[in-house]
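Working through the structure, step by step
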Amino acid sequence: MSAPLSFFRATGRLLAFAWVLVSAAVALAWHRRDLAARARWLHVACRRALRVLGVRCFAVGTASVGPGTIIVANHVGYLDILVLAATRPVVFVAKREVASWPLFGWFARGAGTRFVDRERRGDVARVAAEFAPAIAAGVSVVLFLEGTSTDGRTVKPFKSSLLAPAVAAHWVVVPAALSYGLPAGHDVAEEVCWWGDRTLLPHLLHLFTLPRIAAYVAWGAAEPAGGDRKALAARLHAHVSRLHTALHKDPQEMFAAPTSAGEIAFT
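Topic: unusual backbone geometry
Backbone geometry places His-170, a non-glycine residue, at a positive phi of 55 degrees. Topologically, His-170 is positioned in the loop between α7 (164-169) and β6 (172-181). Take His-170: its relative accessible area is 53%, and that puts it in the exposed class.

Overview of the pairing of β6
When you tally the buried positions in β6, you get nine out of 10 residues, the bulk of the element. Judged from the four bridges that link them, strand β2 (residues 70-73) and β6 form a sheet pairing that is parallel. Each bridged residue has a counterpart across the sheet, and for Ala-73 the counterpart in β6 is Ala-176. Judged from the two bridges that link them, β6 and strand β8 (residues 223-224) form a sheet pairing that is antiparallel. Considered in β8, the bridge of Val-172 is made with Pro-224. Strand direction decides the pairing type here: β6 and strand β7 (residues 213-219), joined by six bridges, are antiparallel. By the bridge assignment for β7, Ala-177 is matched with Ala-218.

Digging into the packing of aromatic side chains
Counted according to the given criterion, the structure contains three aromatic pairs. The interplanar angle of 20 degrees and the centroid separation of 5.1 Å between the aromatic rings of Phe-58 and Tyr-216 together place this pair among those described as stacked. Of this pair, Phe-58 sits in strand β1 (residues 55-60) while Tyr-216 is found in strand β7, placing the two residues 158 residues apart along the sequence. On the basis of relative accessibility, which here comes to 2%, the residue Tyr-216 falls in the buried class. Residues Phe-92 and Phe-144 carry aromatic rings whose centres are separated by 6.2 Å and whose planes lie at 20 degrees to one another, so their mutual orientation is stacked. Placement of Phe-92 in strand β3 (residues 90-95) and of Phe-144 in the loop between β5 (140-143) and α7 is noted, with a sequence separation of 52 residues between them. By relative accessible area, Phe-92 is classed as buried at 3%.

Thoughts on the pairing of β7
With seven of seven residues buried, β7 is to be regarded as a mostly interior element. Covered by surrounding structure in β7 are Ile-213, Ala-215, Val-217 and Trp-219 together with Ala-214, Tyr-216 and Ala-218, the residues of both alternating faces. Bridge count between β1 and β7: six bridges; the pairing is parallel. Its bridge partner being in β7, Ala-59 is matched across the sheet by Val-217.

Considering the pattern of salt bridges
Think of it this way: side chains of opposite charge can pair up when their charged atoms draw near. Here the structure, examined in full by the defined rule, presents four salt bridges. Its salt-bridge partner being Arg-96, residue Asp-117 comes within 3.0 Å of it at the nearest N-O pair. Remark: Arg-96 occurs in the loop between β3 and α4 (104-110) and Asp-117 occurs in the loop between β4 (114-116) and α5 (121-129); sequence separation between them is 21 residues. Residue classification places Asp-117 among the buried positions, given a relative accessible area of 10%. Between Asp-151 and Arg-153 there is a salt bridge; the shortest N-O distance is 2.8 Å. Owing to a relative accessible area of 18%, Asp-151 belongs among the buried residues under this scheme.

Re the environment of Arg-118
Along the polypeptide, Arg-118 turns up in the loop between β4 and α5. For Arg-118, a relative accessible area of 26% translates into the label partly exposed. Considering only alpha carbons, one finds Arg-118 and Ser-161, 43 residues apart in sequence, at a separation of 9.6 Å. Filtering out sequence-adjacent residues up to four positions away, Arg-118 remains in contact with Val-124, Phe-144, Gly-147, Lys-159 and Leu-162.

Side note on the confidence of the model for the protein chain
Here the protein chain averages 82 in pLDDT, while 84% of its residues score no lower than 70. Highest mean pLDDT in the protein chain belongs to β2 (96); lowest belongs to helix α11 (residues 251-255) (62).

Section: the nonpolar core
One finds Leu-79 and Tyr-180 to be the most contacted residues of the largest nonpolar core, which totals 53 residues. In this structure, Phe-58, Ala-166, Ala-233 and Leu-243 belong to the second largest nonpolar core, which totals 38 residues.

Reading the values: rules and limits
Residues numbered from 1 in each chain as written. Predicted model: local features only at pLDDT ≥ 70, side-chain atom pairs only at ≥ 80, totals over all residues. Heavy atoms only, no water. Helix = DSSP H or I, 4+ residues; strand = E, 2+ residues; numbered from the N terminus. Buried < 20%, exposed > 50% of the residue type's maximum accessible area, 1.4 Å probe, protein only. Pairing = 2+ DSSP bridges. Phe/Tyr/Trp six-rings, centres within 6.5 Å; stacked < 30°, edge-to-face > 60°. Salt bridge = Lys/Arg side-chain N within 4 Å of Asp/Glu carboxyl O. Contact = heavy atoms within 4.5 Å. pLDDT = per-residue confidence, 0-100. Core = buried A, V, L, I, M, F, W, Y, C linked by side-chain atoms within 4.5 Å.

Structural data, given as structure tokens:
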């Protein structure tokens, strides 16, 4: 595609994306004290944002995610947040740095994201204790237990501290794996995944230039949390890794949308 056409497409998408965020922020302002309502508005806004970005989402397997479920997934970048929130109303637990991100940090704060400073042990306990109101309100909570985003090629070991309240209360946990596909000539690890020392804004602006993106979410079986949290983290890591291995194919093959995956209709 010519540079001018790519520029105009990126500009149009950026303006449309900004409008989605502003519209959502106005709606969220009416529900500042209602976590469930904020999660529903995030759900709607993320569906709109994915349409603007040209992202088609596909589900692999049955999502056995009931009200007030803990979803544990691998993490390759900010696009994961839009994809998972588009599938159902959720709130996220994110590292402290996300709060200062351009656009996404502002949006995340308004949507009820819980921010954690993993360098402070007490802060993990504080955020973990805040799960209870979300679960009681029937809102699912998404945890990225790798503690950072990756290039999407492997699943890093899971940290277990945020699972403590789930184990204590025997909440239901569901493993999920995310992966992405792009047309030939594009590199998912460089152009979709956001990891390492990459700067957010240039990466996001480049994302607006991509012609289409295929996003896949593979769901595992739900189970009640119980026993030792470290053992639970290891078990969930094994589940997510298996899903990821089954899902992680050639990006061009994934972009072709295999028949085993069902496209999620964003109405």
